[in-house]
Amino acid sequence: MSSHPLARPVVAVKPIAVPAPGRGLGLQVKVTAPLSGQDLPVIVFSHGNAWSLDGYEPLVDRWAAAGFVVVQPTHLDSRRNGIGWEDPRFATIWRVRIADLHAVLDGLDGILRQAGGLESRVDRGRVAVVGHSWGAQSAGAILGARVLDADGVPGEDFSRPAVSAGALIAATGTGDTLTPFAAEHLPFMRPDYSTMTTPALVVAGGKDQSQLSTRGPEWFTDAYHLSPSPKALLTIAEGEHTLGGLAGEMAAETTDEDPARVALVADAVSAYLLDAFMLDATAWAALGEADASGDGAWTIARK
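Small disclaimer: the values here were computed from a predicted structure and weren't measured.

### Considerations on the overall build of the protein
Then, number 1: Assigned secondary structure in the protein consists of eight helices and 11 strands.
Then, number 2: Expected size for 303 residues packed as a compact globule is a radius of gyration near 19 Å; at 18 Å, the protein falls within 12% of this value.
Then, number 3: Dimensions of the protein, computed from C-alpha atoms along their principal axes, come out at roughly 50 × 50 × 35 Å.
Then, number 4: The buried share of the protein, reckoned over its 303 residues, is 55%.
Then, number 5: By sequence separation, contacts in the protein at least 24 residues apart represent 72% of the contacts at least 6 residues apart.

### Quick look at the packing of aromatic side chains
Then, number 1: Under the definition given, this model contains 11 aromatic pairs.
Then, number 2: Grouped by ring-pair contacts, the aromatic residues W85, F90, W94, W134, F158, F181 and F188 constitute a single cluster.
Then, number 3: The ring of W51 is capped by R79, whose NZ or CZ atom sits 5.3 Å from the centre of that ring.
Then, number 4: When the ring centre of Y224 is taken as origin, the NZ or CZ atom of K303, which lies over that ring, is 5.1 Å away.

### A look at unusual backbone geometry
Then, number 1: Note that the residue after K14, namely P15, is joined by a cis bond; omega there is -15°.
Then, number 2: Within the secondary structure, P15 is located in strand β1 (residues 10–18).
Then, number 3: One non-glycine residue with positive phi stands out, namely S133, at about 60°.
Then, number 4: Relative to the elements of secondary structure, S133 occurs in the loop between β5 (122–132) and α4 (134–142).

### Focus: the pattern of salt bridges
Then, number 1: One pass over the structure, following the stated rule, counts 17 salt bridges.
Then, number 2: Note that E57 is salt-bridged to K30, the shortest N-O span being 3.7 Å. Of this pair, E57 sits in helix α1 (residues 57–65) while K30 sits in strand β2 (residues 27–34), and the two are 27 residues apart along the sequence.
Then, number 3: The class for E57 is partly exposed, based on a relative accessible area of 43%.

### Topic: the pairing of strand β9 (residues 200–205)
Then, number 1: For β9, a buried count of six out of six residues is recorded, marking the element as mostly surrounded by other parts of the structure.
Then, number 2: Both faces of β9 are covered, namely the face carrying A200, V202 and A204 and the face carrying L201, V203 and G205.
Then, number 3: When strand β7 (residues 163–169) meets β9, the two strands line up parallel, connected through four bridges. Bridge pairing in β9 places L168 opposite V202.
Then, number 4: Here six bridges tie β9 to strand β10 (residues 231–236), and the two strands are oriented parallel to one another. If you follow V203 over to β10, its bridge partner there is L234.

### A short note on helix α7 (residues 259–276)
Then, number 1: End to end, α7 covers 26 Å across 18 residues, agreeing with the expected 26 Å (1.5 Å per residue, within 8%).
Then, number 2: With 13 of 18 residues buried, α7 lies mostly within the body of the structure.

### Here's the deal with the side chain of R121
Then, number 1: Checked against the element boundaries, R121 lands in the loop between α3 (108–114) and β5.
Then, number 2: Buried within the structure, R121 lacks any salt-bridge partner; E119 is the closest side chain of opposite charge, at an N-O distance of 9.3 Å.

### Concerning the packing of helix α2 (residues 93–106) against α4
Then, number 1: Here α2 crosses α4 at 60°, and the two axes come no closer than 9 Å. By the angle between their axes, α2 is oblique relative to α4. Considering only the axes of α2 and α4, their crossing is right-handed. Here α2 contributes I93, W94, R97, I98, L101, H102 and L105 to the contact with α4, which in turn contributes W134, G135, S138, A139, A141 and I142.
Then, number 2: In terms of residue class, the contact of α2 with α4 is built from nine nonpolar, three polar and one charged.

### A closer look at the sheet that holds β7
Then, number 1: Ordered in space as β1-β2-β4-β3-β5-β7-β9-β10-β11, the nine strands form an open sheet in which the pairing is mixed. Bordering the open sheet on either side are β1 and β11 (298–302), each of which pairs with just one other strand. The average angle at which neighbouring strand axes cross in this sheet is 20°, direction not considered.
Then, number 2: Summarising the sheet, β5 and β7 pair through six bridges and their orientation is parallel. Note that in β7 the partner of V130 across the bridge is A167.
Then, number 3: The strands that α2 touches are β1, β2, β3 (40–46), β4 (69–73), β5 and β7; relative to β3, the one it contacts most, it runs at about 160°.

### What to know about α1
Then, number 1: Burial analysis of α1 places eight of its nine residues in the buried class, the great majority of the element.
Then, number 2: Along α1, the residues classified as buried are P58, L59, V60, D61, R62, W63, A64 and A65.
Then, number 3: Directly beyond the C-terminal end of α1, a positive phi value near 110° is found at G67.

Thresholds, definitions, all that
- Residues numbered from 1 in each chain as written.
- Predicted model: local features only at pLDDT ≥ 70, side-chain atom pairs only at ≥ 80, totals over all residues.
- Heavy atoms only, no water.
- Helix = DSSP H or I, 4+ residues; strand = E, 2+ residues; numbered from the N terminus.
- Rg over C-alpha atoms; globule rule 2.2 N^0.38 Å.
- Buried < 20%, exposed > 50% of the residue type's maximum accessible area, 1.4 Å probe, protein only.
- Contact = heavy atoms within 4.5 Å.
- Phe/Tyr/Trp six-rings, centres within 6.5 Å; stacked < 30°, edge-to-face > 60°.
- Lys NZ or Arg CZ within 6 Å of the ring centre and 35° of its normal.
- Salt bridge = Lys/Arg side-chain N within 4 Å of Asp/Glu carboxyl O.
- Pairing = 2+ DSSP bridges.
- Expected span 1.5 Å × (residues − 1).
- Lys, Arg positive; Asp, Glu negative; His and termini not counted.
- Axes fitted to C-alpha atoms, helices over the stretch in contact; angles between N-to-C directions.
- Parallel < 35°, antiparallel > 145°, perpendicular 65-115°, else oblique.
- Left-handed = near helix turned anticlockwise from the far one by under 90°.
- Nonpolar A, V, L, I, M, F, W, Y, C, P; charged D, E, K, R; others polar.

No statement about biological role is implied by the geometric values presented.
Structure representation (structure tokens):
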């Protein structure tokens with residue numbers, strides 16, 4: 001992303017092992033942080049299906065350059081673990097993903113210590129969770145969303161009071177329009193956003209047509225429309241599911257490669273979180289002004 005130089009140098013440390021009893025496979029994370037700075041806020045990031053701690057560098061590096069410490073776990077569905085649709089473990093991976101995020105939050109001090117003594121430079125009172133695609137559903141659970149069972153009864157509350165803001169990028173919509181494949185293999189894709197009270201930014205692509213739902217791109221705006229305020233919605237008119245290549249410009253599933261679009265998503269998330277954490281409101285205010293005077297390539301709604 002040479003057209004978007006980073007604001008300041010960043011450093012990454014990997015892999016760091018995180019205690020996760022009963023998981024079967026060890027839990028590892030990568031930590032990316034600015035080389036300098038104190039009282040840094042934290043983003044715990046949940047990757048999309050099949051990715052790992054080695055993905056999403058275009059996003060993560062920009063967040064670190066903006067002053068965040070970013071922690072990325074590798075979930076069980078990562079390609080490197082070889083657990084496919086037919087594996088008996090697949091049915092419960094959605095729960096393990098959420099447990100991974102809890103393990104990272106529980107083990108944050110140890111993680112930061114192993115990442116070069118970052119524990120003295122972090123503001124533990126400002127922690128966010130962010131996710132893309134399946135990772136957005138995982139992150140949403142930490143923000144208070146629940147999963148409906150076959151009878152439409154909300155499941156358990158996975159929320160964490162210590163997480164005070166978040167962002168959901170290309171988040172699963174409600175589950176009443178799942179395709180037969182999704183209904184069979186991904187029955188947990190039935191989020192209930194009515195309890196997602198934590199402030200969050202929802203990012204949706206105007207051309208993101210899911211293979212898992214019979215609805216159009218508006219499916220990915222449910223997390224905004226069906227959750228309590230305060231929330232914000234960034235809609236990128238030409239964006240598809242990877243929104244320009246969030247996981248990496250050359251990734252096979254990047255159908256709409258656009259480094260500027262990736263930079264917009266990254267900068268919108270960091271601006272939103274800096275505002276939500278009451279650290280700096282200027283970048284988020286500037287985005288609102290740019291939207292008001294812009295060409296409609298992207299829009300921001302608030303409630």
